[in-house]
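The primary structure of each chain is shown beneath.
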Amino acid sequence: MRPFDDTPLARDGKVLILAYDHGLEHGPVDFEGLAGSEDPARTFEAATHPAVTSLAVQKGPAEAYYPSYEDDVDLLLKLNGTSNLWMGEPDSAVNCTVDYAHDIGASSVGFTVYGGSNHEIEMVEEFRDAQEAARARDLPVVMWSYPRGQGLKNDTAPDTIAYAARQALELGADVAKVKYPGSREAMEHAVSMAGRTKVVMSGGSKTTDREFLSSVKDVIDAGGAGLAVGRNVWQREDPTRILDALEAVIFDETTVDEALAR
Ligand code: FBP
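Residues numbered from 1 in each chain as written. Predicted model: local features only at pLDDT ≥ 70, side-chain atom pairs only at ≥ 80, totals over all residues. Heavy atoms only, no water.

Caption draft 1: Region of interest: helix α7 (residues 184-193). For α7, the set of buried residues is Ala186, Met187, Ala190 and Val191. Taken end-on, α7 shows its buried residues confined to a sector of 140°, consistent with a single buried face. On the buried face of α7, the contacting elements are α6 (158-171), β8 (175-178), β9 (198-202) and α8 (209-221). Within two residues after α7, Gly195 carries a phi angle of roughly 55°, on the positive side. (Buried < 20%, exposed > 50% of the residue type's maximum accessible area, 1.4 Å probe, protein only. Helix = DSSP H or I, 4+ residues; strand = E, 2+ residues; numbered from the N terminus. Arc of directions from axis to C-beta. Contact = heavy atoms within 4.5 Å.)

What follows is the structure, encoded as structure tokens:
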């Protein structure tokens, strides 16, 4: 296994994944506020920003668009996903194999596990197959570690996020992508539970520049590796401006004010 810093996922030990799998996970509703945001080429273009360490997409957009961007974009292939049309207990269909992801150019893979769901057992078994196949290919694995389902009342409670981070360590993920637990202290706890597994924050729904950057700053101050973000970048009119600010906070470790002033 390569040291994390030597993998394409990281730059100077930090991570900024741009996520664009929402067309599957949420559907067209996520594109309604901004004409053109439904075009994958726009987000592939945004992912050429030097701050972006990888672009996470599903198999279809990877096959169709990645060949035009392979020199400028690092591909993280999401191996499973579910549409919002699914009304059952949280689950995620595996729609791509590690070998296929590798063949179309991915340098890392992503996998959702819904801890606490009635389908957790099957999802973890599927994760095992993906994780072991990824190790055989030397591809780092990012776990979208999202406890939800059944009786889980608050999927961003500090204890829940700490458990999500720990579950990623226990199951062999290189990176745990978790929701923001609400404070720097709570994130620190999650980071310590994750051990050598890196923790990145999931961006969440679009908010103001200051509120968003403040949560990112909390993650960096808590020892987190960075961010995996979708809507807070590509739902903005100008993705470059927020990516410049994210570069400042994540890689240059500036304050939020300094980042906003750039
Ligand atoms: P955002 O930054 O837009 O929240 O994207 C991160 C992400 O994990 C996406 O990869 C995924 O499509 C979405 O959030 C799923 O969010 P949820 O299941 O919480 O609706």
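Having put the structure on the table, let's press on.
Caption draft 2: Region of interest: unusual backbone geometry. Positive phi, normally seen in glycine, also occurs at Asp12, with a value near 50°. At Glu253, a residue that is not glycine, the phi angle is positive and equals roughly 50°. The topology assignment puts Glu253 in the loop between α10 (239-251) and α11 (256-261). The exposure class of Glu253 is partly exposed, given its relative accessible area of 47%.

Caption draft 3: Molecular detail of the environment of Val141. Relative to the assigned elements, Val141 resides in strand β7 (residues 141-145). Taking relative accessible area as the criterion, Val141 reaches 2% and is therefore assigned buried. The spatial distance from the C-alpha of Val141 to the C-alpha of Ser108 is 6.0 Å, given a sequence separation of 33 residues. The contacts of Val141, once residues within four sequence positions are left out, are Val109, Phe127, Gln131, Ala134, Arg135, Ala173, Asp174 and Val175.

Caption draft 4: Region of the structure containing the packing of aromatic side chains. Counted under the stated rule, the structure contains 6 aromatic pairs. Between Tyr20 and Phe31 the ring centres are 5.9 Å apart and the planes differ by 40°, which places this aromatic pair in the tilted class. Linking Tyr20 in the loop between β1 (15-19) and α1 (22-25) with Phe31 in the loop between α1 and α2 (40-46), this pair joins segments that are 11 residues apart in sequence. Relative to Trp234, the ring of Tyr20 has its centre 5.2 Å away and its plane inclined at 85°; by these criteria the two rings are edge-to-face. Of the two residues, Tyr20 is situated in the loop between β1 and α1 and Trp234 in helix α9 (residues 231-234); the sequence distance between them amounts to 214 residues. Just as Tyr20 is buried, Trp234 falls in that class too. Ring-pair connections join several aromatic residues into one group, and the members of that group are Tyr20, Phe31 and Trp234. In this structure, Lys78 packs its charged tip against the face of Trp144, placed 4.9 Å from the ring centre. (Phe/Tyr/Trp six-rings, centres within 6.5 Å; stacked < 30°, edge-to-face > 60°. Lys NZ or Arg CZ within 6 Å of the ring centre and 35° of its normal.)

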